[in-house]
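# Descriptive structure summary
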Amino acid sequence: MKMNKLLVGLLTSVTLVAGAAQAAELSIVSGDTGTGLEFLRGQLDKFEADTGHSVTIVPMPSSTTDQFGQYKLWLAAGNTDIDVYQTDVIWAPQLADQFLDLSEAAAGVLDEHFPSIIESQTVNGKLVAMPAFTDAPALFYRTDLLEKHGKSVPATWAEMTETAKEIMDAERAEGNSEMWGFVFQGNAYEGLTCNALEWVKSYGGGQIIEADGTISINNEHAAAAIDLAASWIGTISPEGNLGYMEEESRGVWQLGNAVFHRNWPYAYSLGNGEDSPIAGKFDVAPLPAGDGPDARSAATLGGWNVAVSKYSPDPDAAIELALYLSSAEVQKERALMQSNLPTIEALYDDADIAAGQPIIPAWKEIFQNAVPRPSAPTQANYNEVSSLFWSAVHDTLSGNGSAAENLEVLEADLTDLKGDSW
Amino acid sequence: MATETMGLAATAPAPRERSELTQQRLRAARLFLIPMLAALAVVAGWPLIRSIYFSFTDASLSNLDAAEWYGVGNYLRWSVLESGTVRYRGLLVDPAWWNAVWNTVRFAFISVAFEAVLGMIVALVLNAEFKGRGIVRAAILIPWAIPTVVSAKMWAWMLNDQFGILNDLGMRLGLLSQKVAWTANADTAMTAVLVVDIWKTTPFMALLVLAGLQMIPKDIYEAAEIDGVHPIKQFFRITLPLVRPALMVAIIFRLLDALRIFDLIYVLTPNSASTKTMSVLARENLFDFDKFAYGSAMSTLLFLIIAALTILYIWLGQVRFDGGDR
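In this report, we go over the structure that sits alongside the text. Small disclaimer: the values here were computed from a predicted structure and weren't measured. (Residues numbered from 1 in each chain as written. Chains lettered and ligands numbered in written order. Predicted model: local features only at pLDDT ≥ 70, side-chain atom pairs only at ≥ 80, totals over all residues. Heavy atoms only, no water.)

Before going further, it helps to spend a moment on the overall build of chain B. Across its full length, chain B holds 13 helices and two strands. In terms of overall dimensions, chain B is more spread out than a globule: its C-alpha atoms have a radius of gyration of 25 Å, far above the 20 Å expected for 326 residues. If one aligns the C-alpha atoms of chain B with their principal axes, the spans along those axes are about 80 × 70 × 40 Å. Within chain B, the proportion of its 326 residues that are buried is 40%. The long-range share in chain B, meaning contacts at least 24 apart out of those at least 6 apart in sequence, stands at 61%. Accessible area of chain B: about 18700 Å², with a carbon and sulfur share of 67%. (Helix = DSSP H or I, 4+ residues; strand = E, 2+ residues; numbered from the N terminus. Rg over C-alpha atoms; globule rule 2.2 N^0.38 Å. Buried < 20%, exposed > 50% of the residue type's maximum accessible area, 1.4 Å probe, protein only. Contact = heavy atoms within 4.5 Å. Areas by Shrake-Rupley, 256 points an atom, 1.4 Å probe, with all protein chains shown as cover.)

Structure follows, in structure tokens:
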């Protein structure tokens, strides 16, 4: 009897050990904004329950510029600790060598995603990352304030400037001394490149560097757009805006201290959260257009993907995780809870999403027309191009030279950097 | 240290021939030094040499092992255009680099100057005998004990233009007419960094100076008092000369530290040209821009600039690290 028990015990422990050997221990890095990490943990818990693998999150700073430096360093050193990376839409050409090709593993589901997004993650026929969500920013505006002061949603940046100033002045006169007109991402980092690209493109000033590699940034439309933005600092935008990233600007907005706010859709569900003072008091619209012949509303294409490190000791389990995180099921949850835009076309017609996050079906068209950053034509040089661009813009916003002067220098610097070809 | 400075130790005659015992001790000392030297070679020497080597190659982070020799091209290279104009390129003619050098040197000198004066004052106060001196001494070290990244983040919130306590206080007390974005504004960003650095490292300076102060024999002051020397004169004629060796060593420690400032700037201010230092620029090129060789060249030059300034300081200031006569 005793012997039997012992045997049973021994046998079960052996099976447990054998079972554990199959389950992988994975790590995923994530530098997310808002409640992103919490959401990811919830999804990973489900994944763990379904597959028996365990997944650890390695949190990172939310600035994509900071993340990139760290990832680059890890990947160059062949780090085996991290299996799955969350990657920005612009990184595919720069990190392609370090990630596994997912095209075979994802063959069955590729058609569900928007082709342009799959294409943005494909480098020389290699699918570098699976899309998790896409992004295109919006103009957030306070419906209550616009109504109170009898204003309509601005269609152009000039109109936005005027409306913001009027409402801000009126609110301040009523004793609301903390009120600002417009907050955006003005710190010198990738986010400023996104903001400024929108201003420039909306004024018909091109895309910094065009798809064929021509440097187009030094033109009067671009200068007019950036000069207008520079006039916001200290008038309708606080001076501190020069140091804001997504979360700092959302802080001002979500406390109810701004009339207009430029941010990605994730701020929509956070702004409508239970503890948010502005819940139900705001709505979103496409970003304003510029003035001039080619003026249009422009939104920078963003979005995040999941990639598998080629140094992962457990590539199969890691690919399983990447596919799971980009699946329709997770994307729907993401849409409902995080107001992140799905990359799976069918989800835009999903009734639950339309009811829970009305911003998403409305955004389908906007993101289809979104402007990509010039990461494809500039390849490995993209980060430096972006840094030169955001520095020129940040200088202008800080009052350090006019847009025309700074863009002229920028063009020369970009030409130097380009050399014979990108 | 102080007694030796006063020349008492130098009076002992040096033995002409080393005894067997002394030689044995010397051998033992060398033996004990070997592990430390080996550790230094691995953790400091090897990375240093490798960085210098990479600065003469075309290395990028994705092909470190395949890096090829590039000569001094990262530092300076030139091409002659068809018109006959010579175009210079490379680190030595890179305005971004010299701007960073200027930022760094300016930061280092201003911060160390303030820290030396304030550290001296704090040390003098702590050297006086009063009740609860032990607690005050411990308390004053707190800023220095907090990791820089943590204190930088803490200050970033205090300096925040919308939610920051400093702006709030300034507005309430009527010192500010409107909220100031201390770290975001190019004009005030460097000042903000300086203030945080001085707050953080004055205790360290004070600690080193205090150690020097406590080596000064009390009887000198008693003698001075009997002779009726004014306290201010006492300070300049007795305290300052006797504490000088300790102060000079403290300054050089801080100077070395300040010249490679990275964390405070990186956390506290936007990534703009007005506050970028050599280390920040080197990191950016090494990792963000995929120009590992160029970044290595920056690191190498940073090393040389720090070495040059240090040697200059030791030479001009006649610093003696052993505290004795040469």
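At A:N124, a position not held by glycine, the phi torsion is positive, near 50 degrees. The residue A:N124 is located in the loop between β4 (122-123) and β5 (126-127) in this model.

With that out of the way, let us pick up the sheet that holds strand β8 (residues 180-183) of chain A. The pairing of strands in a sheet happens through backbone hydrogen bonds and is either parallel or antiparallel. Residue and element names in this part refer to chain A. Ordered in space as β8-β9-β7-β10, the four strands form an open sheet in which the pairing is mixed. Of all strands in the sheet, those bounded by a partner on one side alone are β8 and β10 (282-285). The mean inter-strand angle of the sheet, taken between neighbouring strand axes irrespective of direction, is 15 degrees. (Pairing = 2+ DSSP bridges. Axes fitted to C-alpha atoms, helices over the stretch in contact; angles between N-to-C directions.)

This part takes up the sheet that holds strand β2 (residues 54-59) of chain A. Residue and element names in this part refer to chain A. Taken in spatial order, the five strands make up an open sheet running β2-β1-β3-β11-β6, and their pairing is mixed. Of all strands in the sheet, those bounded by a partner on one side alone are β2 and β6 (130-135). For this sheet, the mean inter-axis angle between neighbouring strands, taken without regard to orientation, is 20 degrees. Alignment of strand β3 (residues 84-88) against strand β11 (residues 302-308), held across five bridges, turns out to be antiparallel.

Next up on the list: helix α10 (residues 246-254) of chain A. The set of residues buried in α10(A) consists of A:E246, A:S249, A:R250, A:V252, A:W253 and A:Q254. Along its buried surface, α10(A) packs onto β7 (138-142), β8, β9 (258-263), α11 (266-271) and β10 of chain A.

Moving on: the interface of chain B and chain A. The partner chain A presents 29 residues to the 22 residues of chain B that form the contact. Here chain B packs against chain A, burying approximately 2200 Å² in sum over the two surfaces, 51% of which is carbon and sulfur. Taken as a group, B:Q162, B:D288 and B:F289 account for 23% of the area that chain B buries against chain A, more than any other trio of residues on that side. Where chain B touches chain A, the interface holds four salt bridges. One salt bridge in this structure joins A:E178 and B:K179, with 3.0 Å as the shortest N-O distance. Broken down by secondary-structure element, the contributors of at least two residues to the side of chain B that touches chain A are β2 (86-89) and α12 (278-288) of chain B. Among the elements that line the side of chain B that touches chain A, the one with the most residues is α12(B), at four residues. Residue composition of the side of chain B that touches chain A, by class: eight nonpolar, five polar and nine charged. (Buried area = accessible area lost by both parts, 1.4 Å probe. Salt bridge = Lys/Arg side-chain N within 4 Å of Asp/Glu carboxyl O. Nonpolar A, V, L, I, M, F, W, Y, C, P; charged D, E, K, R; others polar.)

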